[in-house]
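Listed here are the chains, written in short residue letters.
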Amino acid sequence: MEEKKKEIILAPEKLPDGIGESIEDIVKKIISMVQDYAPGANTDMIEIAYLLAKHAHEGQSRRSGEPYIMHPVQIAYIAAELNLDVVAITAALLHDVIEDTDYTYDHIKMLFGENVADIVDGVTKLRKIKYYTREEAQVENLRKMLLAMSKDIRVILIKLMDRLHNMRTLEFQSPHKQLLIAKETLDVYAPLAHRLGMSKIKSELEDLSLKYLDPVAYEEIRSGIKQKKSEREQYIVDIMSLLRTRLEEHGIKGQVSGRAKHFYSIFRKMFAQNKSLDELYDLFAVRIIVDSVADCYAVLGMVHEIYTPIPLRFKDYIAMPKPNMYQSLHTTVIGPKGTPFEIQIRTWEMHKIAEEGIAAHWKYKEGISGKTSMDSKLEWVRQMLENQAEVMDTDDFMNTIKLDLFSEEVFVFTPKGKVISLTSGSTVIDFAFAIHTAVGCSMSGAKVNGKIVQNSYVLKNGDIVEILTSPNVKGPSRDWLKIVKTSQAKTKINQWFKRERREENIERGKEMIEREIKHMKLPISHVQVEDWLEPMFRKYNFNGIDDLYASVGYGGLSAQKVVMRLREEYLKRKETEKPLIEELPEQVTEEPKKRRFSSNGIEVKGIDNCLVRLAKCCNPVPGDEIVGFITKGRGVSVHRADCPNMQPGALSPEDEGRFIGVEWTQSGGASYIANLRVECEDRPGLMTEMSAAIAELKINCVSINARVNKQGGAVMIFGLEITEKADVERAKKRIHQIPGVGDVTRLTN
């Protein structure tokens, strides 16, 4: 019997009483915290949101056994610790209500307003759409979240807090789920926190992920640091004491503190340098926080007087802030006994932004509406979404997202001194497309620091880059896709090829798929490719097989993914295959029924009123020798007898038994499409002459495609609407008489 649904509460006065004491105390603390940092805030909304969430999640519990309501309350508490506004805290309390209860977007909007409803909806996963794999679902949910994030940053802030609390309680999940969630956290959510400058959340997410992904390494680092904790602490205490004394001598007010590097940072260093924990010395950093930027540089000079700096290990993120707004001076120096350690120098404002990132500095805290400078800080989100808009392959999407989020930056300059931030490893081509698409597409070369460099030149911090352009350059080279590093450059190059080279993309994509089919040794014909990929056509809004080939050709979809889908279909059909024609029971002798023919003018021998379609791969017309091929679920497909897809080598042994006799009927009036390929000179007016010659024969030309080939000639393909094969022969003969025309052939596909 179906469980009775909870009553939907649409008015606060109908909310039930009886709230658990411990959870209620946390809620009271949240309200008190908000009143401290935002005295005029409407905290009643927080209390109402809590009551509604408690009612909505009534009867639900987490795997730990605690009431489910504890989860949203804990997230709201983290939001209050970051001093977020009432709207964000309300949305945090309600973030699972639409996804896991009977409440809808409209209910939330009615009670709490559109802002809260939009944030809750942005955090909610897509549940109603069917996906082939978990990866596809993950990618589409990520797309949705990023889109909502680009409109309201509070969406991702709540999602990060949600993931943080889930990671803190991950011990109650199954080992399989622990690995999946930890990996997703390390791949997506920790980099997002890093990109938003939220180092506290980023560090904890990374450490918790390491705990489940590599528990041996995690425990080794944890116990190793604990064993020598007193020794290292004394080392740092001595350094901090000296620095405090020198600050007083220089008359600079500042706070000096020690900071242990988090476990995942140590793990990456051990892995990258192939060292054990005992071989790493800079496991701690010293942080000096002062009142002004001038004091930062004064302290830097003082530090370099005391300790010898290590060359090339100084970074000025005050003059050139990171894209996530992080500012600080970093210098690595040689400490007592020759041990290196890092010193970070920043102001109090810089420190707050370094710890909390965008959550420390955004318009919603002060209730500001309209555009602010903070909107420009989120421009990278919109840019990232634009770069990924045409990436259909789930692996490609995740890889490029990771690249956009997690790569280190390199800072270079235009000749006029403008700073351009790019992904580390970027080339001059990446720089050109970062300036403007038109600059990248017309790029003929580049100068770095006044010298001509190759297109593959990898940019370094401080390089001054000048892009050389030429009107004679007709577009980017496909080889550039192997050189560029940024997803922005790759996307713009692919967009150019998609727009300008459709025919080339179709041909290239078809070759790539056929090559992959052969590589996987699958007995799949062209006919089956078209038949079996129809679900993919619908998913990506392709109009037909040519759109799919074009997408593979310009890089939107990978040939491997397409053929893997074909392989799945092949195996599925092979397992469930039944006899195509079953034996019929003996029938009582009756008057023979009149044979009915399909509208295509084809008679199928031995079968009445059969669904018939003309194969698009060879476009048979009356007069051609034809064969019938029984498809699964789509009747009989009719091909020319010489169609390459119907030859023995193109068919599997199972398929060779699926032929059936077909013939043209005598009924006329139907029209068919035949394609003629014409090789000719590249001269003005030739296409017009050929079109006029076809019109003289009273044959309708429905399409014309033309391109110049590598030999300097031209290739034209005419789509002709005809009623019989003789029309094709007449058109071939007439076109061949035109001066400058070479071979004229009818295309088989």
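Just so you know, these numbers come straight off a predicted model, no measurement behind them.

Novice: Would you take a moment to explain the overall build of the protein chain for this structure?
Specialist: When helices and strands are tallied, the protein chain shows 29 helices and 20 strands. Expressed as a percentage of its 749 residues, the buried residues of the protein chain come to 49%. Across the protein chain, the fraction of contacts at a sequence separation of at least 24, relative to all contacts at a separation of at least 6, is 67%. Split by element, the accessible area of the protein chain, about 38,700 Å² in all, is 50% carbon and sulfur.

Novice: Explanation requested: the sheet that holds strand β14 (residues 636–640) in the structure shown.
Specialist: Within a sheet, each strand pairs with its neighbour through backbone hydrogen bonds, oriented either parallel or antiparallel. Here we have four strands laid out as an open sheet, ordered β12-β14-β13-β15, and mixed in their pairing. The open sheet terminates on both sides in strands that have one partner only, identified here as β12 (612–614) and β15 (659–660). Bridge count for strand β13 (residues 626–630) against β15 is two bridges, and the pairing is antiparallel. From the neighbouring strand, Phe629 faces β15, where its bridge partner is Phe659.

Novice: Sorry if this is basic, but what is going on with the nonpolar core here?
Specialist: What tends to happen in soluble globular proteins is that the nonpolar side chains get buried as a cluster. Of all hydrophobic cores here, the largest spans 66 residues; its most connected members are Leu94 and Leu160. When sequence neighbours within four positions are dropped, the list of residues in contact with Leu160 reads Tyr189, Leu192, Ala193, Leu196, Met198 and Leu205. Formed by 35 residues, the second largest nonpolar core is a distinct cluster that contains Met270, Val290, Val299 and Leu329.

Novice: Explain the pattern of salt bridges to me, please; I cannot follow it from the model alone.
Specialist: Pairing of side chains with opposite charge becomes possible as their charged atoms draw close. Overall, the coordinates contain 10 salt bridges when judged by the stated rule. The residue Arg222 makes a salt bridge to Glu219 at a minimum N-O spacing of 2.6 Å. In this pair, Arg222 and Glu219 are both assigned in helix α12 (residues 215–227), three residues apart and thus about one turn of the helix distant. By relative accessible area, Glu219 is classed as partly exposed at 35%.

Novice: Looking at this structure, I do not really get the confidence of the model for the protein chain. What am I missing?
Specialist: A low pLDDT score tells you not to read the predicted coordinates there in detail. Of the residues in the protein chain, 76% reach a pLDDT of 70 or more, and the chain-wide mean stands at 76. Looking over the protein chain, one finds the lowest element-wise mean pLDDT in helix α17 (residues 373–377), namely 48, and the highest in helix α15 (residues 293–306), namely 92. In this model residues 578–599 is a low-confidence stretch, pLDDT under 50, and it forms 12 contacts with partners more than four residues away in sequence or in other chains.

Novice: What's the story with unusual backbone geometry in this structure? I'm lost.
Specialist: What is expected of a backbone is that most residues other than glycine have negative phi and most peptide bonds are trans. Positive phi values are uncommon outside glycine, yet Asn83 reaches one of about 60 degrees. The topology assignment puts Asn83 in the loop between α3 (70–81) and α4 (86–93). Despite not being glycine, Asn449 has its phi angle at roughly 55 degrees, a positive value. The residue Asn449 is located in the loop between β8 (443–448) and β9 (451–453) in this model.

Novice: Explanation requested: helix α20 (residues 428–435) in the structure shown.
Specialist: Given 3.6 residues to a turn, an α-helix orients residues that are three or four positions apart in the same direction. The element α20 is extensively covered by neighbouring structure, given that six of its eight residues are classed as buried. Taken together, the buried positions of α20 are occupied by Val428, Ile429, Asp430, Phe431, Ala432 and Phe433.

Novice: Can you walk me through the environment of Lys159 in this structure?
Specialist: Mapped onto the elements of the fold, Lys159 is located in helix α9 (residues 154–168). Exposure remark for Lys159: the relative accessible area of 8% places this residue in the buried category.

Novice: Would you mind showing me how to read the packing of helix α10 (residues 175–195) against helix α11 (residues 199–213) here?
Specialist: It is at 9 Å that the axes of α10 and α11 come closest, and there the two elements cross at 160 degrees. Judged by the inter-axis angle, α10 sits roughly antiparallel to α11. Remark: the crossing between α10 and α11 carries left-handed chirality. Only Ile201, Lys202, Leu205, Glu206, Ser209, Tyr212 and Leu213 of α11 make contact with α10, whose side of the interface consists of Gln178, Leu179, Ala182, Lys183, Thr185, Leu186, Tyr189, Ala190, Ala193 and His194. Each residue belonging to the contact of α10 with α11 can be placed in one class, and the counts come to 10 nonpolar, four polar and three charged.

Novice: Mind showing me how you'd approach the packing of aromatic side chains here?
Specialist: Aromatic ring pairs are reported here in terms of the distance separating the ring centres and the angle at which the planes meet. For the coordinates displayed, the defined rule picks out five aromatic pairs. Ring geometry for Tyr218 versus Phe263: centroids 5.3 Å apart, planes at 70 degrees, classification edge-to-face. Taken together, the positions of Tyr218 in helix α12 and Phe263 in helix α14 (residues 263–273) put the pair 45 residues apart, joining distant regions of the chain.

Novice: Which parts of the structure should I look at to understand the sheet that holds strand β19 (residues 714–722)?
Specialist: The strand order across the open sheet formed by four strands is β18-β19-β17-β20, and the pairing between neighbours is antiparallel. In the strand order of this sheet, the two ends are held by β18 (700–708) and β20 (741–746), each with one partner. Within this sheet the neighbouring strands show an average axis-to-axis angle of 20 degrees, counted without direction. Strand direction decides the pairing type here: strand β17 (residues 672–680) and β20, joined by four bridges, are antiparallel. When the bridges of β20 are listed, Leu676 appears paired with Arg746. Running at roughly 20 degrees to β19, helix α28 (residues 686–696) makes contact with β17, β18, β19 and β20 of the sheet.

Novice: Explain the side chain of Arg62 to me, please; I cannot follow it from the model alone.
Specialist: Relative to the helices and strands, Arg62 resides in the loop between α2 (44–56) and α3. Buried and unpaired, Arg62 has no salt bridge, with Glu66 as the nearest side chain of opposite charge at 4.2 Å. In terms of polar contacts, Arg62 uses its side chain to reach the side chain of Thr169, at 3.2 Å. Setting aside chain neighbours within four positions, we find Arg62 in contact with Pro67, Tyr68, His71, His165, Asn166 and Thr169.

Novice: How should I be thinking about the side chain of Asp162 in this particular structure?
Specialist: In this structure, Asp162 sits in helix α9. When near neighbours in sequence (up to four residues on either side) are disregarded, Asp162 contacts His71, Ile75 and His95.

Novice: Would you take a moment to explain the packing of α2 against α4 for this structure?
Specialist: It is the contact of α2 with α4, at a shortest axis distance of 9 Å, that shows an interaxial angle of 10 degrees. What the angle tells us is that α2 and α4 run roughly parallel. Between α2 and α4, the residues in contact are Met45, Ile46, Ala49, Tyr50 and Ala53 and Val86, Val87, Ile89, Thr90 and Leu93, respectively. A per-class count over the contact of α2 with α4 returns nine nonpolar, one polar and no charged.

Novice: What is the right way to look at the environment of Val428 in this model?
Specialist: Assignment of secondary structure puts Val428 in helix α20. Judged by relative accessible area, which is 0%, Val428 ranks as buried. In the structure, Val428 is positioned 30 residues away from Val458 in sequence and 7.0 Å away in space, judged by C-alpha atoms. Apart from residues no more than four positions distant in its own chain, Val428 is found in contact with Met443, Ala446, Val448, Val453, Gln454, Asn455, Tyr457, Leu459, Val465 and Ile467.

Novice: Just to check I follow, could you spell out helix α29 (residues 725–736) for this structure?
Specialist: For α29, spanning 12 residues, the distance from its first C-alpha to its last is 17 Å, which sits close to the expected 16 Å at 1.5 Å a residue. Where α29 is buried, its residues touch β17, α28, β19 and β20.

Novice: Is there a simple way to think about the pairing of β19 in this case?
Specialist: If a strand is regular, its side chains alternate between the two faces of the sheet. In terms of burial, β19 is largely enclosed, as eight of its nine residues are buried. Direction of pairing for β17 relative to β19: antiparallel, over a ladder of nine bridges. From the neighbouring strand, Arg677 faces β19, where its bridge partner is Ile717. Note: β18 against β19, eight bridges, orientation antiparallel.

Reading the values: the criteria
Numbering of residues begins from 1 in every chain and follows the order in which that chain's sequence is written. The model is predicted, so local features are restricted to residues of pLDDT at least 70 and side-chain atom pairs to those at 80 or more, both for listing and for counting; the totals for chains, interfaces and linings are taken over all residues. Hydrogen atoms and water are omitted, and side-chain values are computed over all heavy atoms in the structure. Where helices and strands are cited, they refer to DSSP runs of H or I of at least four residues and of E of at least two residues respectively, numbered from the N terminus. Relative accessibility decides the category of a residue: with a 1.4 Å probe and only protein chains considered, values under 20% of the type maximum give buried, values over 50% give exposed, and everything between is partly exposed. Should any heavy atoms of two residues lie within 4.5 Å, those residues are counted as being in contact. Accessibility throughout is a Shrake-Rupley quantity obtained with a 1.4 Å probe, and a residue counts as covered only by protein chains that appear here. If DSSP finds at least two bridges between two strands, the strands pair. Note on terminology: a nonpolar core comprises buried Ala, Val, Leu, Ile, Met, Phe, Trp, Tyr and Cys residues joined through side-chain atoms within 4.5 Å. What counts as a salt bridge is simple: a side-chain nitrogen of Lys or Arg found within 4 Å of a carboxyl oxygen of Asp or Glu. Along the chain, pLDDT gives the predictor's confidence residue by residue, from 0 to 100. Each axis is a line fitted through C-alpha atoms, and for a helix only the stretch in contact is used; angles between axes span 0 to 180 degrees, taken between their N-to-C directions. Angles below 35 degrees are treated as roughly parallel, those above 145 as roughly antiparallel, those between 65 and 115 as roughly perpendicular, and all remaining angles as oblique. With the far helix as reference, a near helix turned anticlockwise by less than a right angle produces a left-handed crossing, and one turned clockwise produces a right-handed crossing. Residues are grouped as follows: Ala, Val, Leu, Ile, Met, Phe, Trp, Tyr, Cys and Pro are nonpolar; Asp, Glu, Lys and Arg are charged; every other residue, Gly included, is polar. A pair of Phe, Tyr and Trp rings is counted when the ring centres sit within 6.5 Å of each other, with Trp represented by its six-membered ring. The angle between the planes then sorts it: under 30 degrees is stacked, over 60 is edge-to-face, the rest tilted. Under the convention used here, Asp and Glu are negative, Lys and Arg are positive, and both His and the chain ends fall outside the count. Any pair of nitrogen or oxygen atoms within 3.5 Å is treated as a polar contact; in protein, a donor-acceptor pairing is required on top of that, and neighbouring residues in sequence qualify only through side-chain atoms on both sides. By this rule, a helix spans an expected 1.5 Å times one less than how many residues it contains.

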